[in-house]
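# Close look at the chain arrangement
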There are 2 protein chains.
Amino acid sequence: MRQLPREKIMYFGDTARAPYGPRPAEEVTRFTRQIVEYLIQFRPKMIVIACNTATAVALEDIRSRVAIPVVGVIHPGARAANGRTQSGIVGVIGTEGTIRSGAYEQALKQLSPSIDVISLACPKFVPLVEQGNFRSRETQEVVETSLQPLKARNIDTLILGCTHYPYLSDTIASVMGRDVMLISSADETAREISTILHDRNRLTRDGELPIHQFFCSGDPRMFRMIAQQWLGEQIELTPVVWQVPKIG
Amino acid sequence: MRQLPREKIMYFGDTARAPYGPRPAEEVTRFTRQIVEYLIQFRPKMIVIACNTATAVALEDIRSRVAIPVVGVIHPGARAANGRTQSGIVGVIGTEGTIRSGAYEQALKQLSPSIDVISLACPKFVPLVEQGNFRSRETQEVVETSLQPLKARNIDTLILGCTHYPYLSDTIASVMGRDVMLISSADETAREISTILHDRNRLTRDGELPIHQFFCSGDPRMFRMIAQQWLGEQIELTPVVWQVPKIG
């Protein structure tokens with residue numbers, strides 16, 4: 001919304017079945033296909049898989065099924081890290097599903113064969129964020145303990161390979177130290193969406209600013225409350241937050 | 001070469017007719033067309049106009065003439081600035097041709113109608129860089145005096161809108177202060193090239209690392225000497241540095 005204020009966003013949050021992190025790959029792929037099928041009826045010009053776990057296991061599958069561009073959150077983060085690392089040693093943290101898939105390592109090696117990738121699953125981070133527990137003493141301790149294996153390595157760039165992790169970025173930054181640059185896949189993905197739409201001459205050039213639409217599979221009241229907390233006024237403009245029937 | 005080590009680069013430096021900055025738009029467009037015509041015979045998968053002045057005046061012209069993607073250096077820098085600014089006030093410095101064209105302002109406003117753009121031509125910077133005069137007392141004074149009009153404004157992001165300026169970035173950074181983030185269009189363009197090739201399934205995935213080719217319109221000995229200074233060993237691998245006949 002900030003980087004592409006002219007583009008209409010139709011957001012689907014699979015709140016009833018989140019988190020995806022610990023689920024088997026086959027299940028995540030099935031869920032992702034269902035959501036893409038749901039969204040495609042609105043004839044979007046692009047699909048963004050805004051979840052690292054779903055990107056890791058389902059991006060290529062979805063890309064092969066739809067005719068419009070499909071962007072995940074892994075390649076943008078990998079590309080940003082590849083562009084910024086000086087030491088050539090990049091850390092990646094993510095859910096178990098993301099790390100197990102090896103998707104970041106593959107994306108980084110595809111860009112630069114000489115890059116070193118140190119991957120680490122941090123399964124305790126998502127529950128902390130889901131509880132809104134961003135800066136407590138407990139969070140500090142969990143982050144510190146979890147990241148120990150990375151501290152010993154000479155990484156200069158750390159990819160926050162899960163859309164929840166930027167909420168912990170202050171704590172992660174203080175643990176890793178100021179010489180380690182943190183990459184948020186969300187920011188980088190918004191940037192790449194803009195690049196791709198520009199390349200394809202599909203950027204919206206003018207007209208009224210859009211009214212976004214939000215969908216979720218779980219309780220819409222809870223979803224709207226959290227969305228208002230994060231997005232402020234802007235969510236007031238989005239009249240449609242509803243429960244999606246018959247998905248999954 | 002650093003961000004896309006698998007991709008073969010055919011580089012054309014119009015050394016005989018540089019700098020483009022003070023030339024009229026019609027002349028820059030004509031030169032750019034000639035070079036694209038020359039390069040297109042090698043059947044590249046993409047053309048990069050790696051010069052801000054040529055991008056400002058000729059990008060749309062070239063995009064309409066060739067069937068492959070054509071990327072300039074202005075939109076990548078604008079997109080990076082749009083993604084990173086917090087205050088929404090972005091500075092742009094460039095040659096007279098680039099600033100006169102209004103191309104950055106247009107690119108930024110197209111992305112975000114609410115963004116404020118403060119543009120400033122710095123015609124004294126290119127000669128300093130061409131002389132290799134990166135860190136002298138004279139350079140410090142010229143940069144300080146030239147950037148005064150920007151210091152008074154509340155910019156938090158400054159686009160180095162000329163491929164020469166990153167060589168002065170230490171001095172520019174010290175004049176602007178640490179709260180102003182500098183954007184190098186070169187880094188950002190390499191990043192977007194990668195994004196676009198990935199979206200189009202045209203990234204080179206494996207095979208031997210490429211041997212790049214360099215062409216220039218002026219004295220190839222001087223060109224090779226400077227290229228070796230900047231690129232080190234890597235230029236040794238590029239056997240072809242020759243004078244292009246009958247261009248222009």
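Residues numbered from 1 in each chain as written. Chains lettered and ligands numbered in written order. Predicted model: local features only at pLDDT ≥ 70, side-chain atom pairs only at ≥ 80, totals over all residues. Heavy atoms only, no water.

### Structural notes on empty space enclosed by the protein
A water-sized probe rolled over the atoms picks out the places where empty space is left. Convention followed: Cavities and pockets were defined on a 1 Å grid built from protein atoms only: a cavity is a group of points that admits a 1.4 Å probe but offers it no way out, a pocket is an open group of points flanked by protein on both sides within 12 Å along at least five of seven lines, and a lining residue is one with an atom within 4 Å of any such point. Grid points are joined across faces, edges and corners, and a volume is the space filled by probe spheres set on the points. For the purposes of this entry, the term helix denotes a DSSP run of H or I that reaches at least four residues, the term strand denotes a run of E that reaches at least two, and both are numbered from the N terminus. We call Asp, Glu, Lys and Arg charged. Ala, Val, Leu, Ile, Met, Phe, Trp, Tyr, Cys and Pro are nonpolar, and the rest, Gly among them, are polar.
What the rule picks out here adds up to four cavities of 30 Å³ or more. If you add up the space inside the largest cavity, you get close to 100 Å³. In terms of lining, the largest cavity is formed by 13 residues, of which the most central are H198(A), V70(B), V71(B), G72(B) and I196(B). For the lining of the largest cavity, the secondary structure elements donating two or more residues are α9 (185–199) of chain A together with α2 (52–65), β3 (70–72), α3 (74–84) and α9 (185–199) of chain B. When its residues are assigned to classes, the lining of the largest cavity shows five nonpolar, four polar and four charged. Counted as a void, the second largest cavity has a volume near 80 Å³. As for the second largest cavity, its lining consists of 13 residues, of which V70(A), V71(A), G72(A), I196(A) and H198(B) are closest to the centre. Among the secondary structure elements, those contributing two or more residues to the lining of the second largest cavity are α2 (52–65), β3 (70–72), α3 (74–84) and α9 of chain A together with α9 of chain B. The class makeup of the residues in the lining of the second largest cavity is five nonpolar, four polar and four charged.

### Focus on the interface of chain A and chain B
The condition that has to hold: Should any heavy atoms of two residues lie within 4.5 Å, those residues are considered in contact. When two components associate, each loses some accessible surface as probed by a 1.4 Å sphere; the sum of these losses over both components is called the buried area. Salt bridge, as used here: a side-chain nitrogen of Lys or Arg that lies within 4 Å of a carboxyl oxygen of Asp or Glu.
Listed by partner, the interface residues are 32 residues for chain A and 33 residues for chain B. Of the roughly 3100 Å² buried at the junction of chain A and chain B (both faces included), carbon and sulfur atoms supply 38%. Counting the surface chain A buries against chain B, the share from its top three residues, Q110(A), R191(A) and D199(A), is 22%. On inspection of chain A and its partner chain B, the count reaches six salt bridges.

### Section: the nonpolar core
As a reminder, the rule being used: Each nonpolar core is a collection of buried residues, namely Ala, Val, Leu, Ile, Met, Phe, Trp, Tyr and Cys, held together in the definition by side-chain atoms within 4.5 Å. Each residue is assigned to one of three classes by its accessible area relative to the maximum for its type, calculated with a 1.4 Å probe on protein chains only: buried under 20%, partly exposed between the two thresholds, exposed over 50%.
Counting 24 residues, the largest nonpolar core has V92(B), L108(B) and I159(B) as its most contacted members. Listing elements by their share of this core, those giving two or more residues are α9 of chain A together with α3, β4 (89–94) and α5 (103–111) of chain B. A per-element tally of this core places α5(B) first, with five residues. When neighbours within four sequence positions are excluded, L108(B) is seen to be in contact with A78(B), A81(B), N82(B), V90(B), V92(B), I115(B), V117(B) and I159(B).

### Describing the confidence of the model for chain A
All names here are of chain A. So the rule is basically this: pLDDT gives the predictor's per-residue confidence on a scale running from 0 to 100.
Considering every residue of chain A, the mean pLDDT works out to 89; 94% of them sit at 70 or more. In this model, residues 236–245 is a region of pLDDT below 50 whose contacts with residues beyond four sequence positions or in other chains number 29 contacts. In the predicted complex, the global pTM is 0.87; the interface-specific ipTM is 0.83.

### A look at the domain arrangement of chain A
Residues and elements named next belong to chain A. The test is simple: An automatic or database domain assignment supplies the residue ranges for each domain. Nitrogen and oxygen atoms within 3.5 Å of one another constitute a polar contact, given that in protein one can donate a hydrogen and the other can accept it, and given that sequence-neighbouring residues count only through two side-chain atoms.
You can read the domains of chain A as domain 1 (10–73 + 188–243) and domain 2 (86–184). Taken residue by residue, the interface counts 11 residues in domain 1 and 14 residues in domain 2. Roughly 970 Å² is buried in total at the junction of domain 1 and domain 2, and carbon and sulfur atoms are behind 54% of that figure. Linking domain 1 with domain 2 are zero salt bridges, by the criterion used here. Taken together, domain 1 and domain 2 are joined by six residue pairs in polar contact (both at pLDDT 80 or more). It is α2 that provides the largest number of residues to the side of domain 1 that touches domain 2, a total of three residues. Of the residues belonging to the side of domain 1 that touches domain 2, the class tally is seven nonpolar, three polar and one charged.

### Examining the pattern of salt bridges
One pass over the full model with this rule turns up 26 salt bridges over all chains. E27(B) is the salt-bridge partner of R23(B), the closest N and O atoms lying 3.1 Å from each other. Across the pair E26(B) and R30(B) runs a salt bridge whose closest N-O atoms are separated by 3.3 Å. With E26(B) and R30(B) both in helix α1 (residues 25–40) and four residues apart, this pair spans about one turn of that helix. Linked through salt bridges whose partners overlap, the residues forming this network are R79(A), R84(A), E188(A), E192(A) and R191(B).

### Overview of the packing of α3(B) against α5(B)
All names here are of chain B. Note the threshold: The axes used here are C-alpha line fits, helices contributing only the stretch in contact, and every angle between their N-to-C directions lies in the interval 0 to 180 degrees. In these notes the angle categories are as follows: under 35 degrees is roughly parallel, over 145 is roughly antiparallel, 65 to 115 is roughly perpendicular, and the rest is oblique. Each helix crossing is assigned a hand: it is left-handed if the near helix lies turned anticlockwise from the far helix by less than a right angle, otherwise right-handed if that turn is clockwise.
For the pair α3 and α5, interaxial distance at closest approach is 9 Å and the crossing angle is 50°. When the interaxial angle is binned, α3 and α5 end up oblique. As for the relative orientation of α3 and α5, their crossing is right-handed in sense. For the pair α3 and α5, contact is made by I74, H75, A78, R79, A81 and N82 and by A103, Y104, A107, L108 and L111, respectively. Class assignment for the residues of the contact of α3 with α5 results in eight nonpolar, two polar and one charged.

### Observations concerning the side chain of H198(B)
Here H198(B) shows up in helix α9. A relative accessible area of 10% places H198(B) in the buried class. Look past the residues within four positions of H198(B) in its chain and what remains in contact with it is R63(A), H75(A), R79(A) and L203(B).

### Thoughts on the relation of the copies chain A and chain B
Put simply, the two copies of the chain differ by a rotation about an axis and a shift along that axis. What counts, and what does not: In this comparison the copies share one frame, found by least squares on the C-alpha atoms of residues holding pLDDT of at least 70 in both.
Of the transformation placing chain A onto chain B, the axial shift is 0.0 Å and the rotation is 180°, giving an RMSD of 0.0 Å. The transformation just described matches what one would write down for a two-fold rotation axis. Scanning chain A for the C-alpha nearest the rotation axis identifies I196(A), at a separation of 3.1 Å. When the interface residues of chain A are mapped onto chain B, 100% of them again fall at the interface, so both copies present the same face.

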